[in-house]
Amino acid sequence: MQNPLPGIPLIESPLFATWLNQADLTADERRIATDLHEKGYVVLRFPDPDIDDRIDRIKAALGPRYGIDLANPDSDKTIGERRIQDAWAFDADVKAIAGNAQLLALLAKLWGRPAFPFQTLNFPVGTQQDAHSDSVHFSSLPERFMCGVWLAMEDVGPDAGPLFYYPGSHRWPVLGNALIGRRGFGSDLSSAQDPFADAWAAMCEAQGAKVETFLARKGDALIWCANLLHGGSPQHDPRLTRWSQVTHYYFEDCVYYTPAFSDEVTGDLLLRDIRAVNDGRPRLNQYLGQPLRSKGGGAPSGRPSALGRLWRGVRRALD
Ligand SMILES: O=C(O)CCC(=O)C(=O)O
Ligand SMILES: [Fe+2]
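Just so you know, these numbers come straight off a predicted model, no measurement behind them. (Residues numbered from 1 in each chain as written. Chains lettered and ligands numbered in written order. Predicted model: local features only at pLDDT ≥ 70, side-chain atom pairs only at ≥ 80, totals over all residues.)

Draft legend 1. The site of ligand 1, seen in detail. Surrounding ligand 1, one finds 13 residues, the nearest of these being Thr127, Asp134, Leu163, Gly232 and Val246. Among the elements of the structure, β3 (115-123), β5 (146-152), β9 (230-232) and β10 (244-251) are those that each provide at least two residues to the shell around ligand 1. Among the residues forming the shell around ligand 1, the class breakdown is five nonpolar, seven polar and one charged. (Near = placed C-beta within 6 Å. Helix = DSSP H or I, 4+ residues; strand = E, 2+ residues; numbered from the N terminus. Nonpolar A, V, L, I, M, F, W, Y, C, P; charged D, E, K, R; others polar.)

The following block contains the structure:
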């Protein structure tokens, strides 16, 4: 298909059905594409024959860093540090999971652009995080070129604080400050998601959205679309662990930024300095093949920007 809408991920495109009809996909890839399109998430077995060994090694390597008494079945596991960000930088197994070639090829096929991991999070217990869309933390221009892959590193029961989500919520508007009537650039927040919580709750109620929880088996992976509303259920039993790894992915040839601290309307963007986990190379903030010249976007391209108002605003804000 000659795609006339390359600025929308294929699995989120209004042209999805046309693409699916003629795309060269296996039966399982078709199921994955359809679930992502309709529900905003999909569950699959993590495509790595060594995953059990990797999980064992990650638990052994990261376990002592959380300050939790993991050896005692009755200890409270929810105290102390509950996550390690970017363990890929020192742990080869975390990095291998994030950079899994089969997964990267799958994401590229489904989104229509090459994918790359840019952040890992390793959790020993549930996050108990409120419902949110990752899009307020890290988004792209064009939007929706981001996804999360959540890997269960053990079986997760209902008392261990399973992942939850609202199927179909990925189709709702991607919330940014303009939509909730707030200025974000230069603002100070303890949590980037707080200003959006009322709007998400109101949409859930008005749409009659039904929450689902993911009672995962070890080695299950769940891919969520950029705008799917999700979070961590309360962990009812603090003695349990809930080992998991989340890898966040972006796609090539985009501007990468933090919407909670940006005002797109005035061109004030908090750009991200992105480095791909798998190859260690920076990904410049770019648009249609041309890098933006800015402090937040990596090395200057040396070329005058064609982005006009947007780019001038970015530079003014960052200088
Ligand atoms: O694992 C969870 O409970 C949620 C994690 C999450 O929201 C994220 O990493 O984006
Ligand atoms: Fe999230």
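Draft legend 2. Representation of the sheet that holds strand β6 (residues 163-165). Taken in spatial order, the three strands make up an open sheet running β7-β6-β9, and their pairing is antiparallel. Each edge of the open sheet carries a strand with a single partner, namely β7 (212-213) and β9. As judged from the two bridges shared by β6 and β7, these two strands associate in the antiparallel manner. If you follow Phe164 over to β7, its bridge partner there is Thr213. (Pairing = 2+ DSSP bridges.)

Draft legend 3. Structural detail: unusual backbone geometry. Omega for the peptide link from Leu141 to Pro142 comes to 0°, which places this bond in the cis form. Relative to the helices and strands, Pro142 resides in the loop between β4 (139-141) and β5. You will see that Asp253, though not glycine, has its phi angle at about 65°, which is positive. For Asp253, a count of 17 C-beta atoms within 10 Å gives the class partly exposed. The phi angle at Leu288 is positive, at roughly 50°, despite the residue not being glycine. With respect to the helices and strands, Leu288 occurs in the loop between β14 (286-287) and β15 (290-291). Residue classification places Leu288 among the exposed residues on the basis of 9 C-beta atoms within 10 Å. (Buried ≥ 20, exposed ≤ 12 C-beta atoms within 10 Å, placed from the backbone.)

Draft legend 4. Just the confidence of the model for the chain, in detail. Of the residues in the chain, 92% have a pLDDT of 70 or more, and the chain-wide mean is 92. The model gives residues 295-309 a pLDDT under 50, and that stretch makes 27 contacts with residues more than four places away or in other chains. Of the regions scoring below 50 in pLDDT, residues 311-319 engages in 17 contacts with residues more than four places distant in sequence or in other chains. (pLDDT = per-residue confidence, 0-100. Contact = placed C-beta atoms within 7 Å.)

Draft legend 5. Representation of the sheet that holds strand β2 (residues 84-85) in the model. Spatial ordering of the open sheet is given by β1-β8-β5-β10-β3-β2, a layout of six strands whose pairing is antiparallel. Each of the sheet's edge strands pairs with one partner strand only, and the pair in question is β1 (41-45) and β2. Bridge count between β3 and β10: eight bridges; the pairing is antiparallel. Each bridged residue has a counterpart across the sheet, and for Phe116 the counterpart in β10 is Tyr250. The sheet strands contacting helix α2 (residues 27-39) are β1 and β8 (220-225), and the helix crosses β1 at an angle near 150°. Contacting β3, β5 and β10, helix α5 (residues 101-111) runs over the sheet at an angle of about 120° to β3. (Axes fitted to C-alpha atoms, helices over the stretch in contact; angles between N-to-C directions.)

Draft legend 6. Inspection of the environment of Phe196 at higher detail. On the secondary structure map, Phe196 appears in the loop between α6 (177-180) and α7 (197-207). Its 23 C-beta neighbours within 10 Å are what place Phe196 among the buried residues. Measuring from C-alpha to C-alpha, the distance between Phe196 and Phe90 comes to 34 Å, with 106 residues separating the pair along the chain. Setting aside anything within four residues of it in sequence, one finds Phe196 in contact with Val136, Leu175 and Ile180.

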